[in-house]
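Read off the chains here:
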Amino acid sequence: MLYNLARPFAEQFALFNLFRYITFRSGAACLTALFLSLWLGPRVIARLRRVQRDGQPIRALGPERHILEKAGTPTMGGVLILLSLFLSTLLWADLSNRFVWAVLAITAAFGAVGFADDYLKLSRRNTAGVSKRMRLGCEFAASLLGGWWLNSLMPVPLEGTVAFPFVKELLLPLGYAFPIFAMLVITGFGNAVNFTDGLDGLAIVPVVIAALVFALISYLVGNRIFADYLQLHPVPGAGELGVFCAALIGAGLGFLWFNAPPAEVFMGDTGSLALGAALGAVAVAVKHEIVLCIVGGLFVVETLSVIIQVFWYKRTKRRVFLMAPLHHHFEKKGWQEPKIVIRFWIVSIMLGLAGLATLKIR
């Protein structure tokens, strides 16, 4: 909004000229979202405590320690993240940019599905929220429409195609099937972050790392000079998503202040589904879906651990892991929660660096 208000005065006043730079507005969006989340945090958490009373229902089949230590902690902290993210993005982004609106809409849709799921769990006082069929149906519908919308914004050479980070001349044409591919990416990462969100602070830091990487990628592919130099496929207008990603970083760091062990609030499905979908939508918009699988490799592994566990148990009645998702396996092995969380953060940093390295491979 500030960009659109300042633009007419940019030529006459040097101060207003700053608003033309994505780098300036990204930094401002990050700080705004951080301060908003730190300011709103105590108020939102206090409200959630009053409304929820007994906090998030703890799964009986989960680690025994969770029932003792995490009972009574309020959930739906994703509301805090989304408030800070949306307000900051709307304040600092170019509101005439259609990529921004598409990603915001996808994020909001998944946040709404997560909110409904959290609300039903709380109202019923059990871990059964929205039915799996209904939940996936809503997610598939939102991501399919979002994928179609993002594909319609692509320049002609990239429309309906999948790009590869290691063979940069190769574009795989999917044509009318591309929205289905985008649907799988967005829905897949929405649920992957949801699987990972099982320990205090575990999911939010990998999300922030991925957002940092994609803030840079968005800026590069949106700038024709940098894109040509790095042999990236330029996507005009996608640079504005750097502001969105920067706001996500700030909102995530602010939430971590309250989610660090021992957590004062959980993000719940409201946050995890929305954040995963946001990352997936940005990856689709900047044509780096495969790089997201590298940068978000931790989310991929956590999801695979669940798939492998269910697949193998149904056929053999035996488990591959002591418990799935993977972080619970290490809990069962006796690792302390901070050790698991910090080591997973380290892995996420390494994967983030690996994702950045693909930008220089020619």
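For the structure, check the block above.
Residues numbered from 1 in each chain as written. Predicted model: local features only at pLDDT ≥ 70, side-chain atom pairs only at ≥ 80, totals over all residues. Heavy atoms only, no water.

*Asks:* Is there a simple way to explain helix α11 (residues 241–259) in this structure?
*Replies:* Each α-helix turn comprises 3.6 residues. Residues three or four places apart therefore point the same way. Across its 19 residues, α11 extends 26 Å between first and last C-alpha, which sits within 8% of the 27 Å expected from 1.5 Å per residue. Of all the 19 residues making up α11, 17 are buried; the element is thus mostly covered by neighbouring parts of the structure. (Helix = DSSP H or I, 4+ residues; strand = E, 2+ residues; numbered from the N terminus. Expected span 1.5 Å × (residues − 1). Buried < 20%, exposed > 50% of the residue type's maximum accessible area, 1.4 Å probe, protein only.)

*Asks:* Got a minute to help me understand the pattern of salt bridges in this structure?
*Replies:* One side chain can pair with another of opposite charge once the charged atoms of both are near each other. Counted by the stated rule, this structure contains 7 salt bridges. Where D117 meets R135, a salt bridge forms, and the shortest distance between an N and an O atom there is 3.2 Å. Separated by 18 residues along the polypeptide, D117 in helix α6 (residues 98–124) and R135 in helix α7 (residues 132–152) bring together distant segments of the chain. Given a relative accessible area of 2%, D117 falls into the buried group. A salt bridge links R135 to D269, with the nearest nitrogen and oxygen atoms 3.2 Å apart. Linking R135 in helix α7 with D269 in helix α12 (residues 268–285), this pair joins segments that are 134 residues apart in sequence. A relative accessible area of 7% means that D269 is categorised as buried. In this structure, a network of salt bridges that share partners links the residues D117, K121, R135, E139 and D269. (Salt bridge = Lys/Arg side-chain N within 4 Å of Asp/Glu carboxyl O.)

*Asks:* Sorry if this is basic, but what is going on with helix α14 (residues 297–316) here?
*Replies:* Counted at 1.5 Å a residue, the expected span for α14 with its 20 residues is 28 Å, and the 28 Å between its end C-alpha atoms agrees. All of the buried residues along α14 are G297, L298, F299, E302, T303, S305, V306 and Q309. Along its buried surface, α14 packs onto α8 (178–196), α9 (204–221), α12, α13 (289–295), α15 (326–332) and α16 (337–357). Note on α14: the residue one or two positions beyond its end, K317, has a positive phi of about 60°. (Contact = heavy atoms within 4.5 Å.)

*Asks:* Would you mind going over the packing of α6 against α7 with me for this structure?
*Replies:* Describing two packed helices takes the angle between their axes plus the distance from one axis to the other. Across the interface, α6 lies against α7 with an axial gap of 10 Å and an inter-helix angle of 180°. With respect to their mutual orientation, α6 and α7 come out roughly antiparallel. On the side of α6, the interface is formed by R98, F99, W101, A102, A105, I106, A109, F110, V113 and D117, while α7 contributes R135, C138, E139, A142, S143, G146, W149 and L150. Here the residues of the contact of α6 with α7 are counted per class, giving 12 nonpolar, 2 polar and 4 charged. (Axes fitted to C-alpha atoms, helices over the stretch in contact; angles between N-to-C directions. Parallel < 35°, antiparallel > 145°, perpendicular 65-115°, else oblique. Nonpolar A, V, L, I, M, F, W, Y, C, P; charged D, E, K, R; others polar.)

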